[in-house]
Amino acid sequence: MIFTLIVHASPVQNQAPETALRFAKALLDAGHTLHRVFFYRDGVMNANGLSSTPPDEPCITTAWQSLAEQHQLDLVVCIAAAIRRGLLDDNEAKRYDKPHGNLAEGFELSGLGQLTEAAILSDRVITFGGRG
């Protein structure tokens with residue numbers, strides 16, 4: 001089965017990003033395909049390369065990067081949500097006259113078209129941290 005995950009919450013809001021990560025690992029271990037992980041709304045903060053995690057807590061950004069590298073996953077960050085929250089890659093930083101980007105390596109900024117395409121190509125789309 002082919003899955004796409006949508007993460008709506010930041011790592012400091014609640015456990016949704018960590019739950020999504022555990023779910024991603026479980027589905028990959030079970031032999032399923034993870035087409036894309038799309039970070040939306042406050043979920044874009046999972047891709048903040050400048051966030052710092054206390055040493056006794058897991059770093060969710062690093063965990064997503066490791067999983068993506070290990071399984072060649074597509075980690076897409078909604079560009080509109082990211083810009084609103086001050087999360088920029090180097091190109092957007094130049095565009096908005098900022099000194100540098102802060103998007104963590106392995107994540108890419110893109111639009112909602114990537115989410116639409118992922119939903120079309122996936123058998124299941126699972127949302128974590130969405131508002132009811």
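What counts as what
- Residues numbered from 1 in each chain as written.
- Predicted model: local features only at pLDDT ≥ 70, side-chain atom pairs only at ≥ 80, totals over all residues.
- Heavy atoms only, no water.
- Pairing = 2+ DSSP bridges.
- Helix = DSSP H or I, 4+ residues; strand = E, 2+ residues; numbered from the N terminus.
- Axes fitted to C-alpha atoms, helices over the stretch in contact; angles between N-to-C directions.
- Contact = heavy atoms within 4.5 Å.
- Core = buried A, V, L, I, M, F, W, Y, C linked by side-chain atoms within 4.5 Å.
- Buried < 20%, exposed > 50% of the residue type's maximum accessible area, 1.4 Å probe, protein only.
- Parallel < 35°, antiparallel > 145°, perpendicular 65-115°, else oblique.
- Left-handed = near helix turned anticlockwise from the far one by under 90°.
- Nonpolar A, V, L, I, M, F, W, Y, C, P; charged D, E, K, R; others polar.

1. Things to note about the sheet that holds strand S3 (residues 75–78)
Step number 1: Judged by pairing direction, the sheet is parallel, and its five strands sit side by side in the order S4-S3-S2-S1-S5 without closing on themselves. Each edge of the open sheet is held by one strand with a lone partner, namely strand S4 (107–110) and strand S5 (124–128). Here the strands of the sheet are splayed against their neighbours by 25° on average, with no regard to which way each runs.
Step number 2: Looking at chain direction, strand S1 (residues 2–7) and strand S2 (residues 33–39) are connected through six bridges and run parallel. By the bridge assignment for S2, Thr-4 is matched with Arg-36.

2. Focus: the side chain of Glu-92
Step number 1: Tracing the backbone through its elements, the reader meets Glu-92 in helix H4 (residues 90–95).
Step number 2: Apart from the residues within four sequence positions on either side, Glu-92 is in contact with Ile-79, Ile-83 and Leu-109.

3. Some points on the nonpolar core
Step number 1: Formed by 35 residues in total, the largest nonpolar core has its most connected members in Leu-34, Val-37, Phe-39, Trp-64, Val-77 and Phe-107.
Step number 2: Mapped onto this core, the elements with two or more residues apiece are S1, helix H1 (16–29), S2, helix H2 (60–71), S3, helix H3 (79–84) and S4.
Step number 3: For this core, the leading source of residues is H1, giving six residues.
Step number 4: In contact with Phe-107, other than residues within four places in its own chain, are Phe-39, Asn-46, Ala-47, Thr-61, Trp-64, Gln-65, Leu-75 and Val-77.

4. Thoughts on the packing of H1 against H2
Step number 1: Between H1 and H2, whose axes approach to 10 Å, the crossing angle comes to 20°. Accordingly, the angle class assigned to the pair H1 and H2 is roughly parallel. Between H1 and H2 lies a crossing whose hand is left-handed. Residues Pro-17, Glu-18, Ala-20, Leu-21, Ala-24, Lys-25 and Leu-28 of H1 lie in contact with H2, whose contacting residues are Ile-60, Ala-63, Trp-64, Leu-67 and His-71.
Step number 2: Here the residues of the contact of H1 with H2 are counted per class, giving nine nonpolar, one polar and two charged.

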